[in-house]
Amino acid sequence: MSGMRFFDTHCHYADNAFDADIDLCVQKARTAGLAGALVCTCSGHEYEAASALAQRLNLSFAAGAFDFSSSPQIAPQRMLEQLSSAIDRFSPCAVGEIGIDGKHLKTEFEAPALALFTGAIEIASDNNLPVSVHARGAMHVIARILKAHASTSLKGVIHAFNGSLEEAEIFVRLGFKLGFGSILTNPAAKRAARVFAALRSGSWVIETDAPFMVPCTKKMNPAAKSEPLDLIETLKAAAALRGITIEAAAEESSQAALEVFPMLKTEISSQKNID
Ligand SMILES: [Zn+2]
């Protein structure tokens, strides 16, 4: 695997779960080929620490506006104001995490969730920034909103994609890539495996969502978290499903990552000197 490079296109390395060990986790992954990562955030209180962490570890910062809670507390307008000012203050290389979760649809929180996502898309378009989109359980709603913005040059990733091949095609035609993580290593996730194997080349990227989206091999331990090095297992599964080598899978996903997030910082490890 010498010289292999790969990117984590969606992670939360500034999460408290990494307070004690993010430097070590990134360092371990660097020696395996981690070239960069998009450190995502969901709201204003995270921006400063995540931006500083990304800078310290030579990773990339994304400013997001997304409320995953069951009863959103902060008004969408306030979150969007904070997002706008973060773009001036921290110069993020993308806008994310943004999106809609299926649990908010058909509830009193559907309208604020739609307002927040639509507003975030407009801020990203105005600033010419790509987006990382949470679409779990809401693929059809996200697709409809993105189609309405199709005249802009908006690009991005549908994070943790778990839709059908038809939905994948819709997003790819809109200029989006599809993000896959530990779901590929789960033998029970048969549809995801089938869809992934049939995707057109260059349309997918890999991600951990770390510390979330814990691989099924770690789930026996309730304290387990995902970490950047888990991408090696994801790449092995991706390569097996597509009938290519792990190096080819790493390179295909890296090129797709840089295409959609051209400002991702890239650091090639000095692995050649080690082995
Ligand atoms: Zn996330």
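Along each chain, residue indices are assigned from 1 in the same order as the chain's sequence is written. For a predicted model such as this one, the threshold for reporting local features is a pLDDT of at least 70, and the threshold for listing and counting side-chain atom pairs is 80 or more; totals across whole chains, interfaces and linings nevertheless cover every residue. Side-chain numbers come from the whole structure's heavy atoms, not from hydrogens or water.

## Some thoughts on the packing of aromatic side chains
- Ring pairs are drawn from Phe, Tyr and Trp, using the six-membered ring of Trp, whenever the two centres fall within 6.5 Å, and their geometry is named by plane angle: stacked under 30 degrees, edge-to-face over 60, tilted for the rest. Scanning the entire structure with this criterion turns up 8 aromatic pairs.
- Pairing Tyr47 with Phe61 gives two aromatic rings, centres 6.3 Å apart and planes at 75°, and the pair type is edge-to-face. Placement of the pair is Tyr47 in helix H2 (residues 44-56) and Phe61 in strand E3 (residues 60-63), with a sequence separation of 14 residues. For the pair Tyr47 and Phe61, one class covers both residues: buried.
- Each member of the aromatic cluster is reached from another via a ring pair, and the members are Phe161, Phe171, Phe180, Phe196 and Trp204.
- Just above the ring of Phe68 sits the side chain of Lys103; from NZ or CZ to the centre is 4.0 Å.
- Positioned over the ring face of Phe196 is Arg242, at 5.6 Å from the centre of the ring. Helix and strand assignments follow DSSP, with helices taken as H or I runs no shorter than four residues and strands as E runs no shorter than two, numbered in order from the N terminus. Throughout this description, buried means an accessible area under 20% of the type-specific maximum (1.4 Å probe, protein chains only), exposed means over 50%, and partly exposed covers the range between. Charges are assigned to positions over rings by a cutoff of 6 Å between ring centre and Lys NZ or Arg CZ, combined with an angular limit of 35 degrees from the ring normal.

## Focus on the layout of surface pockets
- Lining residues are those with an atom within 4 Å of a point, where the points come from a 1 Å grid over the protein atoms alone and group into cavities, where a 1.4 Å probe fits but cannot get out, or pockets, open sets with protein on both sides within 12 Å along at least five of seven lines. Grid points are joined across faces, edges and corners, and a volume is the space filled by probe spheres set on the points. Here the largest pocket is characterised by a volume of approximately 770 Å³.
- Along its surface, the largest pocket is lined by 33 residues, and Phe68, His134, Arg136, Asp209 and Met213 are the ones closest to its centre.
- When residues are sorted by character, Ala, Val, Leu, Ile, Met, Phe, Trp, Tyr, Cys and Pro go into the nonpolar class, Asp, Glu, Lys and Arg into the charged class, and all the rest, Gly among them, into the polar class. Class assignment of the residues belonging to the lining of the largest pocket gives a composition of 16 nonpolar, 12 polar and 5 charged.
- In terms of lining, the second largest pocket is formed by His12, Ala14, Asp15, Asn16, Cys40, Cys42, Ser43, His45, Glu46, Ala49 and Phe212.

## Here we look at the pairing of strand E7 (residues 176-180)
- Most of E7 sits out of view: 5 of its 5 residues are buried.
- Here E7 shows no split at all, with Phe176, Leu178 and Phe180 on one side and Lys177 and Gly179 on the other all buried.
- Pairing between strands requires that DSSP locate at least two bridges from one strand to the other. Direction of pairing for strand E6 (residues 156-159) relative to E7: parallel, over a ladder of 3 bridges. By the bridge assignment, Gly156 is partnered in E7 with Phe176.
- On the question of chirality, the crossover connecting E6 to the parallel E7 by way of helix H6 (residues 165-173) is right-handed.
- When E7 meets strand E8 (residues 204-206), the two strands line up parallel, connected through 3 bridges. The residue of E8 that forms the bridge with Gly179 is Val205.
- Tracing the backbone out of E7, into helix H7 (residues 190-198) and back to the parallel element E8 gives a crossover that is right-handed. Whether a crossover is right-handed comes down to one check: with the strands pointing away from the viewer, does the path from the first strand over the helix to the second run clockwise; if it does, it is right-handed.

## Thoughts on the coordination of the zinc ion
- Atoms are scored as donors when they are N, O or S and lie within 2.8 Å of the metal, with 3.2 Å used for Na, K and Ca; no water is included, so coordination may look incomplete. The protein atoms that coordinate the zinc ion are His10 (NE2), His12 (NE2), Glu97 (OE) and Asp209 (OD), at distances spanning 2.1 to 2.3 Å.
- Tetrahedral means four donors with every angle between 85 and 135 degrees, whereas square planar (four donors) and octahedral (six donors) require angles over 155 degrees between opposite donors and between 65 and 115 for all others; sites fitting neither are termed irregular. Each of the 4 donor atoms bound to the zinc ion contributes to angles spanning 87 to 177°, and the resulting shape is irregular.
- Spacing between the donor residues of the zinc ion along their common chain follows H-x1-H-x84-E-x111-D. You'll find His10 and His12 in the same group, each marked buried.

## A word on the environment of Pro130
- Within the secondary structure, Pro130 is located in the loop between helix H4 (110-126) and strand E5 (131-134).
- As a C-alpha pair, Pro130 and Met213 span 83 residues in sequence and 23 Å in three-dimensional space.

## Focus on the side chain of His10
- Structurally, the position occupied by His10 is in strand E1 (residues 6-11).
- Polar side-chain contacts of His10 include one of 2.8 Å to the side chain of Ser132.
- The contact criterion used is simple: two residues touch if any of their non-hydrogen atoms lie within 4.5 Å. Filtering out sequence-adjacent residues up to four positions away, His10 remains in contact with Leu38, Cys40, Glu97, Ser132, His159, Glu207, Thr208, Asp209 and Ala210. What qualifies as a polar contact is a pair of N or O atoms within 3.5 Å, subject to a donor-acceptor requirement within protein and to the restriction that residues adjacent in sequence count only when both atoms come from side chains.

## Thoughts on helix H1 (residues 22-32)
- Of the residues making up H1, those classed as buried are Ile22, Cys25, Val26, Ala29, Arg30 and Ala32. Considered in projection along H1, the buried side chains sweep an arc of 160° and stay on one side of the axis. Exposed side chains of H1 directed beyond 90 degrees from the buried face belong to Leu24 and Gln27.
- Downstream of H1 by one or two residues, Gly33 has phi in the positive range, about 125°. This arc is built from the directions going out from the helix axis to the C-beta atoms.

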